[in-house]
Structures are given as structure tokens and as C-alpha cells.
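Residues per chain are reported as follows:
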Amino acid sequence: FLPHKGVERRDGTGIRGAGMAEKIIALIEDVLRVPRGTITEETKVDEVEEWDSLAHVAMIGELEEKLGIVIPLEASLEIGSVKELLEQCGKCAE
């Protein structure tokens, strides 16, 4: 468990570099098994039938495994949209 509500990479650095949002969105589409272009920054969790609680947990796990992004449990429970997920992923980059 991390001592703050932000997101930290396993190596202790924040999210850096252009294209990270696109990587995260592609990962979401892979986990949800939806076609590319289905998910945007404006997509809300309740708008996507495939985005249920199990998919949400899988997504958080994949973010850690594939991209090294660790989102604390409390923060992950508050995520209701792709925009909120991206905000959580970017908090440590500030």
C-alpha cells in the first residue's frame, strides 16, 4: 500500500512522456476486448457494458504489470471514467 492517493511507478518515478495516455487507453481496450477506437478520454465506466468490477480489477492489475503503474486501492475505487483513470496515472508526474 502506498502512503498517498497518487500513483507511483514501481521504480519510484511518475508517468512521463507523450503517448502514455494512448498506451493506457490501448491497455483498457485490450482488457475489455473492445475494438480500437472504442474507448476515449471521455468514456465513462457505466457507458461500457464490458467494464464491470472484474474488468476494473484486471485493468488495475494490467496497469501495474505492463506499465509499472501502481494505483492504491482507495484511488482505484473512485475511478468512474477514463479521464479519472488518466488523472490518477498522472498524479506523480507533477
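Use the structure listed above.
Residues numbered from 1 in each chain as written. Predicted model: local features only at pLDDT ≥ 70, side-chain atom pairs only at ≥ 80, totals over all residues. Heavy atoms only, no water.

1. Comments concerning the side chain of Ser-81
Quick note on the threshold: In DSSP terms, a helix is any run of H or I states spanning at least four residues, a strand is any run of E spanning at least two, and both are numbered starting from the N terminus. Residue burial is assigned from relative accessible area. The probe radius is 1.4 Å, only protein chains are included, and a residue is buried under 20% of its type maximum, exposed over 50%, and partly exposed in between. As used in this structure description, the phrase polar contact means that two N or O atoms lie within 3.5 Å; if the pair is within protein, one of them must be able to donate a hydrogen and the other to accept it, and residues adjacent in sequence are counted only when both atoms belong to side chains. Whether two residues touch is decided by their heavy atoms; if any such pair falls within 4.5 Å, the residues are in contact.
Among the secondary structure elements, Ser-81 is positioned in the loop between helix 3 (73-77) and helix 4 (82-90). Overall, the relative accessible area of 8% leaves Ser-81 in the buried class. A distance of 3.1 Å separates the side chain of Ser-81 from the backbone nitrogen of Glu-84, its partner in a polar contact. Residue contacts for Ser-81: discarding those within four places in its chain leaves Thr-43, Lys-44 and Val-45.

2. Digging into unusual backbone geometry
Excluding glycine, residues mostly carry a negative phi; peptide bonds, for their part, are mostly trans. For Arg-33, which is not a glycine, the phi torsion comes out positive at approximately 55°. Following the sequence through the fold, Arg-33 ends up in the loop between helix 1 (20-32) and helix 2 (53-67). Relative accessible area serves as the criterion here: at 77%, Arg-33 is assigned to the exposed category.

3. Let's talk about helix 4
The condition is simple: This arc describes the spread of directions from the helix axis toward the C-beta atoms.
Considered for burial, the residues of helix 4 that qualify are Val-82, Leu-85, Leu-86, Gln-88 and Cys-89. Looking straight down helix 4, one finds its buried side chains confined to an arc of 160°; they lie on one side. Buried residues in helix 4 make contact with helix 1, helix 2, strand 2 (69-70) and helix 3.

4. Comments concerning helix 1
A turn of α-helix holds 3.6 residues, and therefore any two residues three or four places apart point the same way. Put simply, the test is: A helix is expected to reach a length of 1.5 Å times the quantity of its residues less one.
Between its first and last C-alpha atoms helix 1 spans 18 Å; for 13 residues at 1.5 Å apiece the expected length is 18 Å, and the two agree. Of all the positions in helix 1, only Met-20, Ile-24, Ile-25, Leu-27, Ile-28, Glu-29 and Leu-32 are classed as buried. One or two positions beyond helix 1, positive phi appears at Arg-33, with a value near 55°.

5. A look at the packing of helix 1 against helix 2
Two numbers describe a pair of packed helices, the interaxial angle and the distance between the axes. The line we're drawing: For helices, the fitted axis covers only the stretch in contact; all axes are lines through C-alpha atoms, and the angles between them, taken along N-to-C directions, range from 0 to 180 degrees. Our angle categories are set so that under 35 degrees counts as roughly parallel, over 145 as roughly antiparallel, 65 to 115 as roughly perpendicular, and the remainder as oblique. By the definition used in this description, the sense in which the near helix is turned from the far one sets the handedness, with an anticlockwise turn below a right angle giving left-handed and a clockwise turn giving right-handed.
Closest axis-to-axis distance for the helix 1/helix 2 pair is 10 Å, and the angle between their directions is 135°. Considering their axes alone, helix 1 and helix 2 lie oblique with respect to each other. Regarding helix 1 and helix 2, the two cross each other, and that crossing is right-handed. Facing Met-20, Ile-24, Leu-27, Ile-28, Val-31 and Leu-32 of helix 1, the residues of helix 2 in contact are Ala-55, Ala-58, Met-59, Glu-62, Leu-63, Lys-66 and Leu-67.

Geometric descriptors of this kind do not, in isolation, establish any biological role.
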